[in-house]
2 protein chains.
Amino acid sequence: MIKHIRIDDRRFPLAAGAGSDAIHKDPVYSYAVTNLVDDSGLVGVGLAFTLGEGNDLVCKAASFYAQQLEGKDIEEIMSDFGRLSRALSNEQQFRWLGPHKGVVQLALASVTNACFDLWAKKRGVPLWKLLTTLTPEEVVATLDLSYLDEELTEEQAKTMLRAQQEHANGRMSIIEKGYPGYDTSIGWFNYSDDKVKENCKKAIDAGFNAVKLKVGSEDSQRDVRRAHIVREAMGHDAKIMLDANQQWTLNQALRICEMLRPMNPYWIEEPTHPDDVFAHKVLADAIAPMKLALGEHVPNRLIFKNYLQAKCAGFIQVDAVRVGGVSEFITVSLLAKKYGVPVVPHVGDMGQLHQHLVLFNHISMGHEALFLEHIPHLQKHFVHPVIVKNGVYETPQEPGSSCDLK
Amino acid sequence: MIKHIRIDDRRFPLAAGAGSDAIHKDPVYSYAVTNLVDDSGLVGVGLAFTLGEGNDLVCKAASFYAQQLEGKDIEEIMSDFGRLSRALSNEQQFRWLGPHKGVVQLALASVTNACFDLWAKKRGVPLWKLLTTLTPEEVVATLDLSYLDEELTEEQAKTMLRAQQEHANGRMSIIEKGYPGYDTSIGWFNYSDDKVKENCKKAIDAGFNAVKLKVGSEDSQRDVRRAHIVREAMGHDAKIMLDANQQWTLNQALRICEMLRPMNPYWIEEPTHPDDVFAHKVLADAIAPMKLALGEHVPNRLIFKNYLQAKCAGFIQVDAVRVGGVSEFITVSLLAKKYGVPVVPHVGDMGQLHQHLVLFNHISMGHEALFLEHIPHLQKHFVHPVIVKNGVYETPQEPGSSCDLK
């Protein structure tokens, strides 16, 4: 039984330049942390990610949701979590503050993720193991599929998962091999050309063959120059992702993507405003076969559904510490699977939680095991930091979702 | 000069049943109020509207924005308000909490509206008069048109406003005549059939020929029955709007709108989730010539742009206490004008602020003077409550935006 709740406002200043992009020049990586203190002695820990200022607002909203869990048993909660999630996120006064977006949705993520963490800890298994051993019925019972009835009913979701069951065993080999990673930290926006070049060498030495560069400079020639620096350093076969972090208008994006085409980017990420489905559609059609990666700032399943329906997302970057938590992450992954679009999460959690979720997506849902973003900046603050060796995530074995903070 | 800032968390419980809809069963109408205390002795008052729980979060976020106005002169602020609005709403850490939606966008509304209120008070005129006497250049200087460059550049906005200048004088007659109203309070969700019937008679006696009924009942036969009750009570020529407050899934909406068609609704409002542009598009095409009214929960110009581009909004219900304030309200109105779609605001402000804005939209932008929602429940709390006589808003004459609370 959940005895009491504690919400922590944790902020971690970064080294100079780290985490910077075209829009966010000086982030302070921060977590609104929900702790569900169980009478078994276990503590379920859930994260929502922010960039510092306003993290307290998310904590306050998380507290509003979390207090409704006091006195409840986690197995009972999780046996019907979809209904609870729907009730929380539609609380009739609080809902006005979203609905299903912004501060309140981040708060829902924090609380939801704490529930999944406690659930796995209570069963004494890592979250990936818990999720991959649930029946399709048990998985779907954790999902709120409301407003999706024309695309994904409960029955359809179960059918999708059942159809994958016979292939799941064959895909378990990923547990031994580990899930591939890619390195986001070679090319933060404020890093000098020299530092980017040096970081590429380090990335290669660390076994990465896929890296990300921040673009969106005021002078787009700077973007082009740096993109070619990375291509040259990483070689012809490397996957190089370019991330504009919403810096461009549609017209700018149309122009600058053409300038970047010769460098052969694997994707262009967040070219413009995350709410603007139509702009992304126009852009995706114009720059094909170059692809867009979207989702870091997309707050819920409805907007992801729209992006998928518009057929403009080459990669879905749903982040379980931005949408309403693990539960909505799974829903979005099912929608993406239906549309045949890979899920490559943005990792506001630094990959701690997502290393579990991508294993589930691969094993139980049949998503391609493409690669998972790797950002090392907060490793020292986690009790069980991700282990990435030779560019590959080692499968976590500790019970829970690896989100305990020191 | 703005000497200091005060943010008030004001909540006003309603009489039983008032304000209820299919989703929000028991709202507490609330305002996050920004007070900009000027050294002239004037106080600029700006509102954001919520339904109670979480109003404190909006206050806290408003305080973050408002503190950046201390020591500044309101005329200086307003001469370049678009740039300020853009800077505030993109503050690089706080932005993560949206961007441009949810709690932080409501907070921006509160602060922005206080600026416009103080501006008008400082000039000693009602806001409608201030706005209608600004030059196109001065109006556009208050707007943040970022991410709109493929639809509405600053030059295009100025051109649109200039083209209307020669017609503006002819439209000033609305000041004498007053702006028509419609009555939302006849048919709250929790009201009995008898009370709805009785309220219709009262509405007719009060001079209204346009009313709104809340639908979205679990038993859709209840909706149909009540819609026909209103039609019978109001007569053949009355405009009757049906408001589902997001209660339906797409499939439900498709089915129930057909059931409601024989009653000839003037519009169907918020049929489903406000983020789901594609669902609205499918629905709008299916139920034409019935029309959809959208926008009560749409937080910013980008999503409105998408709704307009999708051509699924028959009426745009942008609310200046939901989007980023008066400034973004004007931007959305310009976009709607470009697409030839009427603007009929949702009035979280109870019409206090919007009575000014619809006059500006009509006189200076050439929008049709259709009607403005009227909700009387908070009248006693305002210093200068709206005056609606014979179904028509009397033009306010007090300086400012009529948002001072007792």
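For every chain, the first residue of the written sequence is number 1, and numbering continues from 1 along that sequence. Chains and ligands are labelled by the order in which they are written, letters from A for the one and numbers from 1 for the other. Reporting in this predicted model follows two pLDDT cut-offs: at least 70 for local features of residues, and 80 or more for side-chain atom pairs to be given and counted; totals over whole chains, interfaces and linings ignore these cut-offs and use all residues. With hydrogens and water set aside, each side-chain value is computed from the structure's full complement of heavy atoms.

A. Representation of the nonpolar core in the model. The nonpolar core is taken to be a set of buried Ala, Val, Leu, Ile, Met, Phe, Trp, Tyr and Cys residues, with the residues joined through side-chain atoms within 4.5 Å. Burial here depends on accessible area, computed with a 1.4 Å probe over protein chains only, as a share of the maximum for the residue type. Under 20% is buried, over 50% is exposed, and the range in between is partly exposed. If you look at the biggest cluster of nonpolar residues, it comprises 279 residues, and the most contacted ones within it are Tyr31(A), Ile316(A), Tyr31(B) and Ile316(B). If we ignore the near neighbours within four places in the chain, the residues touching Ile316(B) are Leu294(B), Phe304(B), Leu308(B), Val332(B), Ala336(B), Val341(B), Pro342(B), Val343(B), Val344(B) and Pro345(B). Residues are treated as being in contact if the distance between any of their heavy atoms lies within 4.5 Å.

B. Spatial organisation of the packing of helix α4 (residues 102–123) of chain B against helix α14 (residues 326–339) of chain B. Residue and element names in this part refer to chain B. Fitting a line to C-alpha atoms yields each axis, with helices limited to the stretch in contact; the angle taken between N-to-C directions then spans 0 to 180 degrees. Comment: elements are numbered from the N terminus, with helices defined as DSSP H or I runs of at least four residues and strands as E runs of at least two. The geometry of α4 relative to α14 is characterised by a closest axis approach of 7 Å and an angle of 100 degrees between their N-to-C directions. Between α4 and α14, the crossing angle belongs to the class labelled roughly perpendicular. Where α4 approaches α14, its residues Gln105, Thr112, Asn113 and Phe116 are matched on the opposing element by Val326, Ser327 and Glu328. Across the contact of α4 with α14, the residue classes break down as 2 nonpolar, 4 polar and 1 charged. If an angle is under 35 degrees, it is roughly parallel; if it is over 145, roughly antiparallel; if it lies from 65 to 115, roughly perpendicular; otherwise it is oblique. Just so you know the grouping, Ala, Val, Leu, Ile, Met, Phe, Trp, Tyr, Cys and Pro go in nonpolar, Asp, Glu, Lys and Arg go in charged, and all remaining residues, Gly too, go in polar.

C. Fine view of the UniProt feature "domain: Mandelate racemase/muconate lactonizing enzyme C-terminal" (unreviewed entry) in chain A. UniProt marks residues 193–290 of chain A with the feature "domain: Mandelate racemase/muconate lactonizing enzyme C-terminal" (unreviewed entry), using the numbering shown here. With 51% helix and 13% strand, the stretch residues 193–290 of chain A has end C-alpha atoms that lie 25 Å from each other. UniProt positions are given in the numbering used here, feature names are shortened, and annotations may be inferred rather than shown by experiment.

D. Here's a closer look at the interface of chain B and chain A. Listed by partner, the interface residues are 61 residues for chain B and 60 residues for chain A. Here the quantity called buried area is the total loss of accessible area, with a 1.4 Å probe, experienced by two parts when brought into contact, counted for both. Taken together, the two surfaces of chain B and chain A that pack against each other cover about 5300 Å², and 58% of this comes from carbon and sulfur. Salt bridges are counted wherever a side-chain nitrogen of Lys or Arg sits within 4 Å of a carboxyl oxygen of Asp or Glu. Along the contact surface separating chain B from chain A lie 6 salt bridges. The shortest N-O distance in the salt bridge between Asp56(B) and Lys60(A) comes to 2.9 Å. For this analysis, a polar contact is any N or O atom pair within 3.5 Å, provided that within protein one partner can donate a hydrogen and the other can accept it, and provided that sequence-adjacent residues contribute only side-chain to side-chain pairs. Linking chain B with chain A are 37 residue pairs in polar contact (both at pLDDT 80 or more). Those elements that place two or more of their residues in the side of chain B that touches chain A are β3 (43–50), α1 (55–66), α4, α11 (250–260), α12 (277–287) and α13 (301–309) of chain B.

E. Broad picture of the relation of the copies chain B and chain A. We superpose the copies by least squares over the C-alpha atoms of residues that have a pLDDT of at least 70 in both of them. The operation relating chain B to chain A is a screw motion whose rotation component is 180 degrees, with 0.0 Å of axial translation and a residual RMSD of 0.0 Å. Put plainly, the chains are arranged around a two-fold axis. Every residue of chain B has its C-alpha some distance from the rotation axis, and the shortest such distance is that of Gly102(B), at 2.3 Å. The residues that chain B uses at the interface reappear at the interface of chain A in 98% of cases, marking a shared surface.

F. Molecular detail of the packing of aromatic side chains. Whether two aromatic rings pair depends on their centres lying within 6.5 Å, for rings of Phe, Tyr and Trp, where Trp uses its six-membered ring; planes under 30 degrees apart make the pair stacked, over 60 edge-to-face, and the rest tilted. Tallied over the entire structure, the rule returns 35 aromatic pairs over all chains. Plain terms: the ring middles of Phe64(A) and Tyr65(A) are 5.9 Å apart, the flat faces sit at 55 degrees to each other, and that makes the pair tilted. Taking relative accessible area as the criterion, Phe64(A) reaches 10% and is therefore assigned buried. Their ring planes at 70 degrees and their centres at 6.0 Å tell us that Phe116(A) and Trp119(A) sit as a pair that is edge-to-face. Pair noted here: Phe116(A) and Trp119(A) are both in helix α4 (residues 102–123), with a separation of 3 residues, about one helical turn. On the accessibility criterion, Phe116(A) (0% relative accessible area) is buried. Residue Trp119(A) is classed as buried on the basis of its relative accessible area of 3%. Grouped by ring-pair contacts, the aromatic residues Phe12(A), Tyr29(A), Tyr31(A), Phe49(A), Phe382(A) and Trp96(B) constitute a single cluster. Lys195(A) extends its terminal NZ or CZ atom over the ring of Tyr191(A), reaching a point 4.4 Å from the ring centre. When the NZ atom of lysine or the CZ atom of arginine is within 6 Å of a ring's centre and also within 35 degrees of its normal, the charge is said to sit over that ring. When the ring centre of Phe189(A) is taken as reference, the NZ or CZ atom of Arg222(A) above it lies at 4.9 Å.

G. Spatial organisation of the environment of Leu69(A). Within the secondary structure, Leu69(A) sits in the loop between α1 (55–66) and α2 (74–78). Under the relative-accessibility criterion, Leu69(A) is labelled buried at 0%.

H. Here's a closer look at the side chain of Ser364(B). Here Ser364(B) is to be found in helix α15 (residues 354–365). Setting aside residues up to four positions removed in sequence, Ser364(B) forms contacts with Leu131(B), Thr132(B), Leu161(B), Gln164(B) and Leu359(B).

I. Quick peek at the sheet that holds β3(B). All names here are of chain B. One bridge is not enough; two strands pair if DSSP finds at least two bridges between them. Taking strand neighbours across the sheet as the criterion, the 3 strands line up as β1-β2-β3 in an open arrangement whose pairing is antiparallel. Only two strands of the sheet have a single neighbouring strand rather than two, namely β1 (2–12) and β3. Within the sheet, the average angular offset between the axes of one strand and its neighbour, ignoring direction, is 15 degrees. Two elements, β1 and strand β2 (residues 29–38), share 10 bridges in a ladder whose sense is antiparallel. Bridge pairing in β2 links Asp9 to Ala32.

J. Region of the structure containing the sheet that holds strand β3 (residues 43–50) of chain A. Residue and element names in this part refer to chain A. Taking strand neighbours across the sheet as the criterion, the 3 strands line up as β1-β2-β3 in an open arrangement whose pairing is antiparallel. Among the strands making up the open sheet, the edge pair consists of β1 (2–12) and β3. Going across the sheet, the axis of each strand differs from the next one's by a mean of 15 degrees, ignoring polarity. The sheet strands contacting α4 are β1, β2 (29–38) and β3, and the helix crosses β3 at an angle near 150 degrees.

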